[in-house]
Amino acid sequence: MQGHEHGLSIVPVHEAVGMMLCHDMTRIIPGVEKGPGFRKGHIIAPADIPLLLQMGKEHVYALRLGAGQLHEDDAAMRLARLVGGAGVAPEARCEGRVNLVAGHDGLLHVDVPALGRLNGLGELAVSTLHGLCAVRAGQMVAGMRVIPLIVHEQLLREAERALEGAPVVSVLPFRRARVGMVTTGSEVFHGRIRDKFGPVVRRKFADLGSEVVRQVLVADDRDATARAIRELVDEGADMVVVTGGMSVDPDDQTPAGIRAAGARVVAYGAPVLPGSMFMLAYLGEVPVMGLPGCVMYHRASIFDLVAPRLLAGLAVTREDITALGHGGLCLGCQECRYPACPFGKGA
């Protein structure tokens, strides 16, 4: 061996079997290809020697792992198993990179303080999508990388202590809810216009794995709305949505009807545009959502921020609704890119 610097050795290629390359090595075949012949971190095997010599490499920068040392790929996979919780699975890459992918559709949950503690250790980089958003099976939800080529076992032990035995990233499964829908509006009830709200709501719930099992049409009448809500709950609905009539106009009776049904109101009004006239209440354990008309016209609205949380079994509080103000402004892009946009990502 010749020359040592920061643990690296310049090694004759015939003596490098079993050692680890510390840099990429480019292979050039004129007129055919130019690319990496060997990647950084590759463990040199006897069969590699002829190709290395053909590449003009009689010496290589290499090292052998010492006691308590880990290759970046091994360390990244161990890190992924620490970071990932229920509903996610590691997907190996290379050069110290591992991704976590969702194992099923659901709501992404990220322990943000734990994520900060982990990244504060240095030599580790863990990034995630925004938490509390709906994700699909197979979707990448987090990525992580070990910065040095070689890390010490101690770093992984520090990561374990920083996480206190709890994962950083998990995907909460959506329950398959039986949803009851009450559509208010005398114009729809009397057949003067066709209901356009119902199909939108049915599609949105279907995309989340749930089903609207019954829709009841009522006039703009507080007591009729209340009766319909209670009837749907008595029939076993896991959730009730009430569409239309959510403004403060005197003839809009939906909020009063939800209250008259005996529901406990969590919030009436939300700092979300579109969706400010939203109401969330609970009748016993059953969530009742009063949906403003914007849900019918906008691809992304208050519905898309709250419904996934409820379907994942989270109890949504007034504080949760209030926090939606940060990031709750839709830009109204000509071509909607939701969820690949800032809408709803601040809370």
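Right above here is the structure, for reference.
Remember, predicted model here, so these are calculated numbers, not experimental data. (Residues numbered from 1 in each chain as written. Predicted model: local features only at pLDDT ≥ 70, side-chain atom pairs only at ≥ 80, totals over all residues. Heavy atoms only, no water.)

Novice: Help me understand the pattern of salt bridges in this model?
Specialist: For side chains of opposite charge, pairing can occur when their charged atoms come near one another. One pass over the structure, following the stated rule, counts 6 salt bridges. One salt bridge in this structure joins Arg136 and Asp105, with 3.3 Å as the shortest N-O distance. Taken together, the residues span a long stretch of sequence, with Arg136 in the loop between strand 12 (134–135) and strand 13 (140–146) and Asp105 in the loop between strand 9 (97–102) and strand 10 (106–110) at a distance of 31 residues. Owing to a relative accessible area of 42%, Arg136 belongs among the partly exposed residues under this scheme. On the basis of relative accessibility, which here comes to 35%, the residue Asp105 falls in the partly exposed class. (Salt bridge = Lys/Arg side-chain N within 4 Å of Asp/Glu carboxyl O. Helix = DSSP H or I, 4+ residues; strand = E, 2+ residues; numbered from the N terminus. Buried < 20%, exposed > 50% of the residue type's maximum accessible area, 1.4 Å probe, protein only.)

Novice: So what exactly am I meant to see when it comes to the sheet that holds strand 13 here?
Specialist: In space, the 4 strands of this open sheet follow the order 8-9-13-11, with antiparallel pairing throughout. Taken across any chain shown, the strands that pair with only one partner, and hence form the sheet edges, are strand 8 (88–92) and strand 11 (124–128). Taken over all neighbouring pairs, the strand axes of this sheet differ in orientation by 20° on average, direction set aside. Sheet topology note: the strand 8/strand 9 ladder contains 5 bridges and is antiparallel. Counted as the bridge partner of Ala89 is Val101 from strand 9. (Pairing = 2+ DSSP bridges. Axes fitted to C-alpha atoms, helices over the stretch in contact; angles between N-to-C directions.)

Novice: What's the story with the sheet that holds strand 21 (residues 286–291) in this structure? I'm lost.
Specialist: Pairing between the strands of a sheet is mediated by backbone hydrogen bonds and can be parallel or antiparallel. Read across the open sheet, the 6 strands follow the order 17-16-18-21-20-19; overall the sheet is mixed. The open sheet terminates on both sides in strands that have one partner only, identified here as strand 17 (211–218) and strand 19 (264–268). Direction aside, the axes of adjacent strands within the sheet are offset by 20° on average. Note: strand 16 (residues 178–184) against strand 17, 7 bridges, orientation parallel. Following the sheet pairing, Thr183 is matched in strand 17 by Leu217. Contacts from helix 10 (residues 302–311) reach strand 18 (239–243), strand 20 (279–283) and strand 21, with the element oriented near 170° to strand 21. (Contact = heavy atoms within 4.5 Å.)

Novice: When you look at empty space enclosed by the protein in this model, what are you seeing that I'm missing?
Specialist: Rolled over the atoms, a probe sized like a water molecule indicates the empty space that remains. This model, assessed by the stated rule, comprises 1 cavity of 30 Å³ or more. Around the largest cavity sit Leu107, Leu132, Cys133, Ala134, Asp304, Leu305, Pro308, Tyr338, Phe343, Gly344 and Lys345, which together line it. Counting residues per element, the lining of the largest cavity draws most heavily on helix 10, which supplies 3 residues. When grouped by side-chain class, the residues that make up the lining of the largest cavity number 8 nonpolar, 1 polar and 2 charged. (1 Å grid on protein atoms, 1.4 Å probe; cavity = no way out; pocket = protein on both sides within 12 Å on 5 of 7 lines; lining within 4 Å. Points joined across faces, edges and corners; volume = space filled by probe spheres on them. Nonpolar A, V, L, I, M, F, W, Y, C, P; charged D, E, K, R; others polar.)

Novice: I would appreciate a short explanation of the nonpolar core in the present structure.
Specialist: With 37 residues, the main nonpolar core has Phe205, Phe278, Met289 and Leu291 as its most contacted residues. Within the residue set of this core, elements represented by two or more residues are strand 16, helix 6 (197–207), strand 18, strand 19, strand 20, strand 21, helix 9 (294–297) and helix 10. With 7 residues, the top contributor of residues to this core is helix 10. Ignoring sequence-local partners within four residues, the contact set of Met289 consists of Phe205, Met239, Val240, Val241, Val242, Phe278, Met279, Leu280, Phe303, Val306, Ala307 and Leu310. In terms of nonpolar packing, the next biggest core, distinct from the first, is built from 32 residues, Leu70, Ala102, Leu115 and Val151 among them. (Core = buried A, V, L, I, M, F, W, Y, C linked by side-chain atoms within 4.5 Å.)

Novice: Help me out: how do you make sense of unusual backbone geometry in this one?
Specialist: Trans is the prevailing form of peptide bonds, just as negative phi is the prevailing case for residues other than glycine. Residue Pro274 is bonded to the preceding Leu273 through a cis peptide linkage, with omega at 10°. With respect to the helices and strands, the residue Pro274 is situated in the loop between strand 19 and strand 20. Notably, Leu132 is not glycine yet its phi reads approximately 60°, a positive angle. Note that Leu132 resides in the loop between strand 11 and strand 12. In this structure, Glu164 takes a positive phi of about 55° despite not being glycine. Following the sequence through the fold, Glu164 ends up in the loop between helix 4 (153–163) and strand 15 (169–173). Residue classification places Glu164 among the exposed residues on the basis of a relative accessible area of 63%.

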